[in-house]
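# Fold and contact review
These are the residues of each chain, in order.
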Amino acid sequence: MGDPVQLKDEGNKFFQAGDIDKAIECYTNAIKECKDKKVLAVIYRNRSACYLKKENYSGVVNDATKAIDVDAADIKALYRRCQALEKLGKLDMAFKDVQRCATVEPKNKTFLETLRRLGAEIQAKLKTSFSTDSRVQNMFDILLDEEMETDKKEKAANNLIVLSREDAGAERIFQNNGIPLLLNMIETGKPEMILAAVRTLSGMCTGHKARAMAVVHMVGVEKLCSIMAVDNEEIALATCNLFQCVYDSLTGADKREYGKEEALVLDASKLLKTILMSLLEMVASSKVSGHGRDQALNLLSKNVPRTNKKDPDHSRSLFTIDHGLKKILKVCGQIPDLPNQLPLTENTQLIASVLLNKLYDDLKCDPERQNYKDICDDYIKSKIDPNDMDKTIHAINVISGLLQGPFDVGNALVGRQGIMEMMVALCGSDREVDQMVAVEALIHASSKMSRAGFIITNGVSLLKDIYKKTKNEKIKIRALVGLCKLGSAGGDDYALRQFAEGSTEKLAKQCRKWLCNPQIDTKTRKWAIEGLAYLTNDADVKDDFVEDELALKAMFELAKSKDKTILYSVAATLVNCTNCYDKKEILPELVQLAKFSKQHVPEQHPKDKKDFVMKRVKRLLKAGVISALAVMVKADNSILTDQTKEMMARVFLALSEDPKDRGTIVAHGGGKALIPLALEGTDTGKVRASHAIAKIAAISNPEIAFPGERVYEVVRPLVSLLSTDKEGVQNFEALRGLTNLAGFSEKLRVKIVKEKALPEIENYMFEENEKIRQAATECMCNLVTCKEVQDRYLEDGNDKLKLLVLLCGEDDEKLQIAAAGALAMLTAAQKKLCKKITVVTAQWMEILQRLCLHPNPFIQHRGIVTVYNMLNSDDIELSKKLIESELLEILSVIGKAADNPKRQDPINAARECLIKAMDLGLIKPFTNAS
């Protein structure tokens, strides 16, 4: 072929002459013959120049790279590769090459200019690629690409949801034709696509009235309802959340000013009414899935009744009662065992009962309540038909629903002539479904003693008869629950037992047997817990139940199941087992008086005494009660009623009584589960939950007990316990909890101050009760590093500093440690307070000396540190006063003492004081005579 060097030279000549093809041919032949690496590198570099002329940029990169592999500092090869990479769009790689060129020849103008230009292009490209518009479009491209990988689609869907939660992202999605694209995603019919689209729409509607209205108009209320109606729990829940976001935005959550368009934006009443009507249509529609129906009922429950009874407008409730009450009653009356029933979940009928109750509670006057009752009465009358048993049992089931909701309305209907007799007659029907509905109605009707009296007289023998004869487990268990309920009519009063000795234990044993049988369906096993909720009023039953670990675990597993109608019964059973219900105080004088007048005297069962209760608590904790409660707390608010929350709060408080058990509660998520119970529900429930939080917060690491941002949510419940209307033990526990939190981080200290806890804490520092006074002082000791707290002590016209100094002189050592610690930290942080100490009380010197002479090294150390802070306060007159007093002798004795590990801190502090006094020229160093 020829000499490679000669071939290379020929190639050079052709290149200079402009014959690029011939030059490439020569260089290619030279490469085949060449064995010398350095020469080969030059040939590759030259051929790369040819490829650059021919715009074969891949060839340039390949050849230049081979040249650079031999000589990393080959500037010509580097620059050519840079030019080719730029043309290929690989700007970052091109930038690196020219950067290396500029490093070798820093004064080369061509390199510097290319470096600047590429840098600007890269920035522009980054800006474009990361701009919201681009990100939004990229997400849609990925989601609508049929061939795209599933994991990339999921990532894109999540990114789109995140973008929609930022106002800029939501606006870009909206402006960039996003709604039609989201509708396309919904039309795919794929659950993950529908979910992503609905959640993105939720983000777009949150807190923006104009956009929320536009979204609803573009998508359509009917379309949104059809999405919520699908038989997919996750999609139904996501659409419910979307409706809630729209509702919140349209009713005042959005505080933006819209300028000229304000009038258009604000007129949302028509749209809100359309949504309300559509939800009411969904309630009784056979085309709606059980999950969709649940969410429609939930939305009505949350948004129709007033949240604040002081609000005079309850027109939504009146409108709902007029247009939808019969639809809700229809849902309550559904019997899944019959054909042609509406699709339901396990929770639907209870959610409907809760809604009925909330609507009734929202009414303001007797005529409104009478109208409600009349509608219910008319509905029941229209369904009772002796010739159509299916319609009749539907009516009885509606009454059951009302008895679980507005009890007064249900009770009035049961009292109507013929209704109770019909229920009793149905119990004797040949059809098992009739018996089941009737027995359930009897159970719900016997919730009040007045009704129970009628049933004890007329129904116990009937229920016993059904229980013995029926072979259907579902009916048998319901009949048993009826007997359980009647058997517990005396509550925990040992003297008011309805049945013979041992009968309730037998009933409970059968309930436990059913509860532990996994072959029986969840809905039926639920009734076993319902029975135990009544029977556990009896202390023998409680004790037997908590000893049965299998039964306990079975109950906890059911509490975690999808059927949330069980929550009330589980909570009631736990309240009974832990004896945390309200107990009437029995005064001995009244007992004697009752005996004398031959009146009934309540008796406590021997197994309801404290030691038995504590044993039951330990058994419950061992069986996993906390993890069950933690799951129960997460249930939907419509199922988790305020009464259920209160019972759970009571149970938590009972479980946290023993400090040794609080670690177990924290380990199973009890700390974070308590927070929602402390913030929502009845006043009693919130106080109980806050008290349980205080017990846990007092002795636990806050970071572990209340992980993440939840720790800041704990402060408000604790501060709420400081009010003077709370019990002393609650004040004390709250102060201990706040002390622990205040010692944890500056952010928490600021949060405590923001929640306006300081005045309450300062008040308790005056408290006569020694424990509360000590707890308040310890809390203040941990808070004084906060600037706002220091400012309060600097203010004139209050006795805050005087109180702290006087508390240092108390006899209680724990109180002294806290007060002296606060004083030491305050004087270190604020020099002005050193002078102020001498003004607030004439006893200041005596108290300081007592601290410095204290036998307890912790108190002594704090006292001496305070003296050092005063010497270091830049007030020479104050320093002289200290050194001219007996303090100098005290400090000298302590400072000259031999080193002692047990008292080293005060010894070192005394020596520091003496050195400071020498520095100020107030004392001279001691020297030996020569």
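Each chain carries its own residue numbering, running from 1 in the direction its sequence is written. Given that the model is predicted, a residue must reach a pLDDT of at least 70 before its local features are reported, and side-chain atom pairs must reach 80 or more before they are shown or counted; all residues, however, enter totals for whole chains, interfaces and linings. For the side-chain quantities, the full set of heavy atoms in the structure was used; hydrogens and water were omitted.

So, about the overall build of the protein chain. Regarding its fold elements, the protein chain presents 56 helices and zero strands. Each radius of gyration reported is based on C-alpha atoms, and the globular scaling rule is 2.2 Å times the count of residues to the power 0.38. Taken against the 2.2 N^0.38 rule, which gives 30 Å for 930 residues, the C-alpha radius of gyration of the protein chain at 40 Å runs more than 25% over that of a compact globule. Structurally, the protein chain occupies a C-alpha span of about 130 × 105 × 60 Å along its principal axes. Two residues qualify as a contact provided that any one of their heavy atoms is within 4.5 Å of a heavy atom in the partner residue. In the protein chain, once contacts between residues fewer than 6 apart in sequence are set aside, the share between residues at least 24 apart is 68%. Approximately 44600 Å² of the protein chain is accessible, and the part contributed by carbon and sulfur atoms is 51%. Counting from the N terminus, the helices are the DSSP runs of H or I reaching at least four residues and the strands are the DSSP runs of E reaching at least two. Under the convention used here, a 1.4 Å probe and the Shrake-Rupley method define accessible areas, while residue burial counts only the protein chains that appear.

Here we take up the pattern of salt bridges. Salt bridge, as used here, is a side-chain nitrogen of Lys or Arg placed within 4 Å of a carboxyl oxygen of Asp or Glu. Taken as a whole, this structure holds 44 salt bridges when the rule is applied. Asp543 is the salt-bridge partner of Arg616, the closest N and O atoms lying 3.0 Å from each other. Pair noted here: Arg616 is in helix 35 (residues 610-623) and Asp543 is in helix 31 (residues 539-547), with a separation of 73 residues, a long-range link. The class for Arg616 is buried, based on a relative accessible area of 1%. Exposure categories follow from relative accessible area, calculated using a 1.4 Å probe and restricted to protein chains: below 20% of the type maximum is buried, above 50% is exposed, and the middle band is partly exposed. On the basis of relative accessible area, Asp543 is assigned to the buried category, the value being 13%. Residue Asp725 pairs with Lys726 through a salt bridge whose shortest N-O separation is 3.4 Å. By relative accessible area, which is 19% here, Lys726 ends up buried.

Here the focus is the packing of aromatic side chains. Think of it this way: a Phe, Tyr or Trp ring, Trp meaning its six-membered ring, pairs with another when their centres are within 6.5 Å, and the plane angle makes it stacked under 30 degrees, edge-to-face over 60, tilted otherwise. For the structure shown, the criterion picks out two aromatic pairs. Judged by centre distance (5.3 Å) and plane angle (45°), the ring pair of Tyr79 and Phe111 falls under tilted. Here Tyr79, found in helix 5 (residues 75-87), pairs with Phe111, found in helix 7 (residues 109-130); they are 32 residues apart in sequence, far enough to count as distant. The buried category is assigned to Tyr79, whose relative accessible area is 17%. Stacked on the ring of Phe612, the Lys or Arg Lys615 has its end atom at 5.7 Å from the ring centre. Note on criteria: charge over ring means Lys NZ or Arg CZ within 6 Å of the ring centre, with the direction from the centre no more than 35 degrees off the ring normal.

Time to look at the packing of helix 47 (residues 770-783) against helix 50 (residues 813-829). Angle between the axes and distance between the axes: these two values describe a pair of packed helices. All axes are obtained by fitting lines to C-alpha atoms, using only the stretch in contact for helices, and the reported angles, taken between N-to-C directions, cover 0 to 180 degrees. Closest axis-to-axis distance for the helix 47/helix 50 pair is 8 Å, and the angle between their directions is 25°. Relative to helix 50, the element helix 47 lies roughly parallel. At the point where helix 47 passes helix 50, the crossing takes the left-handed sense. Where helix 47 approaches helix 50, its residues Arg773, Gln774, Thr777, Glu778 and Cys781 are matched on the opposing element by Lys814, Leu815, Ala818, Ala819, Gly821, Ala822 and Met825. The nonpolar class holds Ala, Val, Leu, Ile, Met, Phe, Trp, Tyr, Cys and Pro. Asp, Glu, Lys and Arg form the charged class, and all remaining residues, Gly among them, are polar. Split into classes, the residues belonging to the contact of helix 47 with helix 50 amount to six nonpolar, three polar and three charged. Oblique is the label for any angle not under 35 degrees, not over 145, and not in the 65 to 115 range, which are roughly parallel, roughly antiparallel and roughly perpendicular in turn. The sense of a crossing depends on the near helix, which, turned anticlockwise from the far helix by less than a right angle, makes the crossing left-handed and, turned clockwise, makes it right-handed.

The next point concerns the side chain of Gln790. Mapping Gln790 onto the fold places it in helix 48 (residues 787-794). We classify Gln790 as buried; its relative accessible area is 6%. For this analysis, a polar contact is any N or O atom pair within 3.5 Å, provided that within protein one partner can donate a hydrogen and the other can accept it, and provided that sequence-adjacent residues contribute only side-chain to side-chain pairs. One polar contact links the side chain of Gln790 to the main-chain carbonyl oxygen of Val784, over a distance of 2.9 Å. Excluding residues that lie within four positions of it along the chain, Gln790 makes contacts with Val784, Thr785, Leu826, Ala829 and Gln830.

Turning to its location among the elements, Arg116 is positioned in helix 7. Taking the C-alpha atoms as reference, Arg116 lies 9.2 Å from Phe95; in sequence the two are 21 residues apart. Within polar-contact distance, the side chain of Arg116 engages the side chain of Glu113 at 2.6 Å.

Here, expected helix span is obtained from the residue count minus one, scaled by 1.5 Å. With 15 residues, helix 9 (residues 150-164) ought to run about 21 Å at 1.5 Å a step, and its terminal C-alpha atoms sit 21 Å apart, in line with that. Of all the positions in helix 9, only Lys153, Ala156, Ala157, Leu160, Ile161, Leu163 and Ser164 are classed as buried. The buried residues of helix 9 occupy an angular sector of 160° when the element is viewed end-on, so they sit on one face. What points out from helix 9, more than 90 degrees from its buried face, is the exposed set Asp151 and Lys155. Directions from the helix axis toward the C-beta atoms define the arc.

So, about helix 30 (residues 522-535). In this model helix 30 runs 20 Å from its N-terminal to its C-terminal C-alpha over 14 residues, within 8% of the 20 Å that 1.5 Å per residue would give. Judged by how many residues are buried, helix 30 sits mostly within the fold: 12 of 14 residues are covered. Those residues of helix 30 not exposed but buried are Thr524, Arg525, Lys526, Trp527, Ala528, Ile529, Glu530, Gly531, Leu532, Ala533, Tyr534 and Leu535.

Time to look at the packing of helix 53 (residues 857-871) against helix 54 (residues 876-883). It is the contact of helix 53 with helix 54, at a shortest axis distance of 8 Å, that shows an interaxial angle of 140°. Relative to helix 54, the element helix 53 lies oblique. Residues Val867, Met870 and Leu871 of helix 53 form the contact with helix 54, whose participating residues are Leu878, Ser879, Leu882 and Ile883. For the contact of helix 53 with helix 54, the class distribution of residues is six nonpolar, one polar and no charged.

Per-chain confidence: the protein chain averages 85 in pLDDT, with 91% of residues scoring 70 or above. The quantity called pLDDT is the predictor's confidence in a given residue, expressed from 0 to 100. Predicted confidence for residues 256-265 stays below pLDDT 50, and this span has 12 contacts to residues more than four positions away or in other chains. Counted against residues more than four places away or in other chains, residues 490-500, with its pLDDT under 50, gives 29 contacts.

Attention shifts here to a negative patch on the surface. Judged by side-chain charge, Glu149, Asp151, Glu154 and Glu192 come together as a negatively charged surface patch. Examined against the element boundaries, Asp151 turns out to sit in helix 9. A patch is a set of surface residues, each over 30% in relative accessible area and not in a salt bridge, joined within 9 Å for like charges and within 5 Å for the nonpolar side chains Val, Leu, Ile, Met, Phe, Trp and Tyr. Counted charges follow a simple rule, with Lys and Arg positive, Asp and Glu negative, and His plus the chain ends left uncounted. Throughout, a charge is located at the NZ atom of Lys, the CZ atom of Arg, the CG atom of Asp or the CD atom of Glu.

Right, let's get into the side chain of Gln860. Mapped onto the fold, Gln860 is located in helix 53. Of note is the side chain of Gln860, whose polar atom sits 2.9 Å from the backbone oxygen of Cys852. Sequence-distant contacts of Gln860, defined by excluding residues within four places in its chain, comprise Leu851, Cys852, Leu853, His854, Ile894, Arg903 and Pro906.

Generally speaking, a soluble globular protein has its nonpolar side chains buried in company with each other. Working definition of a nonpolar core: buried Ala, Val, Leu, Ile, Met, Phe, Trp, Tyr and Cys residues. They are joined through side-chain atoms within 4.5 Å. Core analysis: the biggest nonpolar cluster contains 265 residues, and Tyr372, Leu515 and Tyr793 have the highest contact counts within it. The greatest single-element share of this core, amounting to 10 residues, is contributed by helix 15 (residues 233-253). Excluding residues that lie within four positions of it along the chain, Tyr372 makes contacts with Ile321, Leu325, Leu356, Leu359, Tyr360, Leu363, Pro406 and Val409. Within the second largest apolar cluster, 33 residues are counted, among which are Ile43, Ala77, Ala84 and Val98.

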